[in-house]
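Here is what each chain is made of, one letter per residue.
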Amino acid sequence: MQQTVAAPARTDSLDVGHEVTVLSVPAAHPYVRSVTAAPGVTSALEPTASTASTDAWAPSAALDPGWIVEHADDADLLHIHFGTESFSVQHLASCLAAAHRVGWPVVFTVHDLDHPQLADQSHYCDQLDVLVAGSDAVVTLTAGAADEVRRRWGRTAVVSAHPSILPVGAPLPRVFPSDEVRIGMHLKDLRPNVDAVAMVRALADALAQLAQSGITADAEVRMHREVRDPAAREAVREVAANSERMVLIEHERLDDRELANTLSRLDVCVLPYGHGTHSGWLELCWDLGVGVVAPAVGFYAEQHASVHSFTLDDSLTDSGDSLANAIAAVLEATGETRAGTTARAEEFARRRLTRVIDDERVASLHADLYRSLIAERRL
């Protein structure tokens, strides 16, 4: 079960039926669409930034002081989630000032205390200083992250659990059961927070240790063909080639359906992160009933009670000891809900029902917070 979301402090809030228009940055993201799904909450149209490629990421054009002033009547509130890293600290401060000048309260959700796309966190930490201190309300996803927000900035963050990733009504992909345990690790494009070489070495060692304990497991390591660190890719290829029970699959980026199909084949998914805070990948695994093993960094283990954590030994010998124990613990806890089984399908159905209730609660919490902040601004 997800943690209980904490209700925001209420003042003289607007009537529950009052229409609220929120400018979310970014607007086109499953998480954002979920938290703004409550009745009476609509999303302002986020301007499209011009890029050379329609697939290229670009920072939101709405995070501009001039644009905010020009579109003051288009929204009631600004909610910043992520995608700020390319802006200067001064630019973000000017955006907050412009929002307040036109009467918009500002909400900031701390998805990341350590940014997964960055190796050097110094600029992002400076951004957090501005965003956390300058917003009217701060939201985060776990109690541990809220404690960190309180410690670093003296702000009390509203805690709201991550909503579902799998779309409502999406079926559980059909897979064939296997007698051997299937373990997966996806390195994606080797972004900065993926500790690829150390994690793959640990996984190879863990497979050997599991075999010695009587657990026969195969590992499927996936990696994009285009990566950010070619040297790390070569090292991963070497480790995989020297492991009898590990296969490395290199492919293009998977779309949502392909990703769900791939994850559904697994009994355990190992997250390969060297740093980070929260994980949407973890949430998708939970939606699909896949067991998750996560490194003991950030607050991954707080997202769901079923997540087991591991640490890496600095030495190259027995580096997978903690990982092997965590995988074994997940297998014991999940019992009969292995990939392709009827029990997995039943667990998937139970979790979908839980998600419906939790997602409605999360959206309602955000709607209440929005109305409360708007009412305060209008006093």
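Note that the coordinates shown come from a computational prediction; the quantities given were computed from them, not determined experimentally.

How each quantity is defined
Residues numbered from 1 in each chain as written. Predicted model: local features only at pLDDT ≥ 70, side-chain atom pairs only at ≥ 80, totals over all residues. Heavy atoms only, no water. Buried < 20%, exposed > 50% of the residue type's maximum accessible area, 1.4 Å probe, protein only. Helix = DSSP H or I, 4+ residues; strand = E, 2+ residues; numbered from the N terminus. Contact = heavy atoms within 4.5 Å. Polar contact = N/O pair within 3.5 Å; in protein donor to acceptor, adjacent residues only side chain to side chain. Pairing = 2+ DSSP bridges. Axes fitted to C-alpha atoms, helices over the stretch in contact; angles between N-to-C directions. Right-handed = clockwise from strand over helix to strand, strands pointing away. Parallel < 35°, antiparallel > 145°, perpendicular 65-115°, else oblique. Phe/Tyr/Trp six-rings, centres within 6.5 Å; stacked < 30°, edge-to-face > 60°. Disulfide = S-S within 2.5 Å. pLDDT = per-residue confidence, 0-100. Salt bridge = Lys/Arg side-chain N within 4 Å of Asp/Glu carboxyl O. Left-handed = near helix turned anticlockwise from the far one by under 90°.

1. What to know about helix 8 (residues 256-264)
And step 1. By the burial criterion, the buried members of helix 8 are L259, A260, T262, L263 and S264.
And step 2. Contacts from the buried residues of helix 8 go to strand 8 (217-224), strand 10 (268-270), helix 9 (280-288) and helix 12 (342-378).
And step 3. Two to three positions downstream of the cap, the backbone nitrogen of R257 sits 3.2 Å from a side-chain oxygen, assigning the N-cap of helix 8 to D255.

2. Digging into the sheet that holds strand 10
And step 1. Spatially, 6 strands are ordered 9-8-7-10-11-12 in an open sheet, and the strand pairing comes out parallel. Strands with a single pairing partner mark the edges of an open sheet, and in this sheet they are strand 9 (246-251) and strand 12 (308-310). Each adjacent strand pair in this sheet contributes to an overall mean axis angle of 25°, direction not counted.
And step 2. Sheet contacts for helix 7 (residues 230-241): strand 8 and strand 9; angle to strand 9, the most-contacted strand, approximately 145°.

3. Remarks on the pairing of strand 7 (residues 181-186)
On a regular strand, one side chain projects to one face of the sheet and the next to the other, so that they alternate.
And step 1. For strand 7, the tally of buried residues reaches 6 of 6 residues, placing the bulk of the element in the interior.
And step 2. Side chains of strand 7 alternate between two faces, with V181, I183 and M185 and R182, G184 and H186 buried alike.
And step 3. Across 6 bridges, the pairing between strand 7 and strand 8 is parallel. Bridge pairing in strand 8 links M185 to V221.
And step 4. In this view, the connection linking strand 7 to its parallel neighbour strand 8 by way of helix 6 (residues 196-212) has right-handed handedness.
And step 5. Two strands pair when backbone bridges link them, and strand 7 and strand 10 are joined in this way by 2 bridges, in the parallel orientation. If you follow G184 over to strand 10, its bridge partner there is C269.

4. Notes on the sheet that holds strand 1 (residues 20-25)
And step 1. One open sheet holds the 6 strands; their spatial order is 2-1-3-4-5-6, and the pairing between them is parallel. Of all strands in the sheet, those with a lone pairing partner are strand 2 (41-43) and strand 6 (158-159), marking the two edges.
And step 2. As judged from the 3 bridges shared by strand 1 and strand 2, these two strands associate in the parallel manner. Residue pairing for strand 2: V20 is matched across the bridge by V41.

5. Let's talk about the packing of helix 6 against helix 7
For any two helices packed against each other, the geometry comes down to the angle between their axes and how far apart the axes lie.
And step 1. Where helix 6 contacts helix 7, the two axes come as close as 9 Å, and the packing angle between them is 5°. Classified by the angle between their axes, helix 6 and helix 7 sit roughly parallel to one another. On the side of helix 6, the interface is formed by A196, V197, V200, R201 and A204, while helix 7 contributes A232, A235, V236 and V239.

6. As for the packing of aromatic side chains
And step 1. This structure, assessed with the given rule, holds 1 aromatic pair.
And step 2. Note on Y273 and Y300: the rings are 5.7 Å apart at their centroids and 45° apart in plane angle, and the pair reads as tilted. In this pair, Y273 is assigned in the loop between strand 10 and helix 9 and Y300 in helix 10 (residues 300-303), connecting sequence segments 27 residues apart. The pair formed by Y273 and Y300 is uniform in burial state, with each residue classed as buried.

7. Re the pairing of strand 1
And step 1. For strand 1, the buried fraction is high: 5 of the 6 residues fall into the buried class.
And step 2. Regarding the hand of the β-α-β motif, the stretch spanning strand 1, helix 1 (residues 30-35) and strand 2 is right-handed.
And step 3. Alignment of strand 1 against strand 3 (residues 77-80), held across 4 bridges, turns out to be parallel. If you follow V25 over to strand 3, its bridge partner there is I80.

8. As for the state of the cysteines
And step 1. Inspection of every chain in the model, using the stated rule, returns 0 disulfides.
And step 2. Of all cysteine sulfurs in the structure, the one in C285 sits closest to C269, which takes part in no disulfide; the separation is 3.9 Å.

9. Description of the confidence of the model for the protein
And step 1. For the protein, per-residue confidence averages 92 on the pLDDT scale, and residues scoring 70 or more make up 91% of the total.
And step 2. Contacts for the low-pLDDT stretch residues 3-11, under 50 throughout, to residues beyond four places or in other chains number 25 contacts.

10. Some points on the pattern of salt bridges
And step 1. As enumerated under the stated definition, the model contains 18 salt bridges in all.
And step 2. Between R245 and E180 there is a salt bridge; the shortest N-O distance is 3.2 Å. Taken together, the residues span a long stretch of sequence, with R245 in the loop between helix 7 and strand 9 and E180 in the loop between strand 6 and strand 7 at a distance of 65 residues.
And step 3. In this structure R245 comes out as partly exposed when scored by relative accessible area, which is 29%.
And step 4. Residue classification places E180 among the partly exposed positions, given a relative accessible area of 30%.
And step 5. One salt bridge connects E252 with R225, and the closest N-O pair in it is separated by 3.4 Å. Of this pair, E252 sits in the loop between strand 9 and helix 8 while R225 is found in the loop between strand 8 and helix 7, placing the two residues 27 residues apart along the sequence.

11. What about the packing of helix 8 against helix 9?
And step 1. At a minimum axis separation of 10 Å, helix 8 and helix 9 run at an interaxial angle of 65°. Judged by the twist between their axes, the crossing of helix 8 over helix 9 is right-handed. The residues of helix 9 that touch helix 8, namely those facing L259, A260, L263 and S264, are W281, L284, C285 and L288.

12. Side note on the environment of N261
And step 1. With respect to the helices and strands, the residue N261 is situated in helix 8.
And step 2. For N261 and L172, which are 89 residues apart along the polypeptide, the C-alpha to C-alpha distance reads 8.3 Å.
And step 3. Other than its neighbours up to four places away in sequence, N261 contacts P173 and V175.

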